[in-house]
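# Structural description and commentary
Here is what each chain is made of, one letter per residue.
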Amino acid sequence: MAEAVVLSGMSLCALIPFFAMAILMHKGKSGQALTIISVIGAALVILYFGIKTPIGLDPVQVISLALLFALPAFLGASAGGLVGIWMRRRDERK
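Remember, it's a predicted structure, so these values are computed and weren't measured experimentally. (Residues numbered from 1 in each chain as written. Predicted model: local features only at pLDDT ≥ 70, side-chain atom pairs only at ≥ 80, totals over all residues. Heavy atoms only, no water.)

Counting residues in each nonpolar core, the largest one holds eight residues, listed as M21, L24, M25, A33, I37, I40, A73 and A77. Those elements that provide at least two residues to this core are α1 (2-27), α2 (30-52) and α3 (59-93). When near neighbours in sequence (up to four residues on either side) are disregarded, A77 contacts P17, F18, M21, I37 and I40. (Core = buried A, V, L, I, M, F, W, Y, C linked by side-chain atoms within 4.5 Å. Buried < 20%, exposed > 50% of the residue type's maximum accessible area, 1.4 Å probe, protein only. Helix = DSSP H or I, 4+ residues; strand = E, 2+ residues; numbered from the N terminus. Contact = heavy atoms within 4.5 Å.)

On to the environment of W86, then. Mapping W86 onto the fold places it in helix α3. Taking the C-alpha atoms as reference points, W86 and H26, 60 residues apart in sequence, are found 8.1 Å from one another.

Next up on the list: the packing of aromatic side chains. Counted according to the given criterion, the structure contains one aromatic pair. With a centroid separation of 5.2 Å and an interplanar angle of 80°, the aromatic rings of F18 and F19 are classed as edge-to-face. (Phe/Tyr/Trp six-rings, centres within 6.5 Å; stacked < 30°, edge-to-face > 60°.)

Residue pairs spaced three or four apart in an α-helix point in one direction, given the helix's 3.6 residues per turn. With 23 residues, α2 ought to run about 33 Å at 1.5 Å a step, and its terminal C-alpha atoms sit 33 Å apart, in line with that. Listed in full, the buried residues belonging to α2 are A33, I37, I40, G41, L47 and G50. Where α2 is buried, its residues touch α1 and α3. (Expected span 1.5 Å × (residues − 1).)

The quantities given are spatial measurements derived from coordinates; they are silent on function.
Rendered as structure tokens:
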């Protein structure tokens, strides 16, 4: 049961940025889309920085946060951006 909860949480963390980025890129709002993906990437960098420096973060918890939430969100946002670009190009050809 716990595996299903983890998998559904990861899927949700990936699908929300995916659809947000696809919609923004399809509408041509690339500045807002790049801001979203930059914030997600900054969260990954901050989590990685928290592991490498002795500031009191537990490495196991930080790695689990990064792998379960931030990484799927980053990959979903990247894929959504590509899909949005492809949809925009398809509409411009017609």
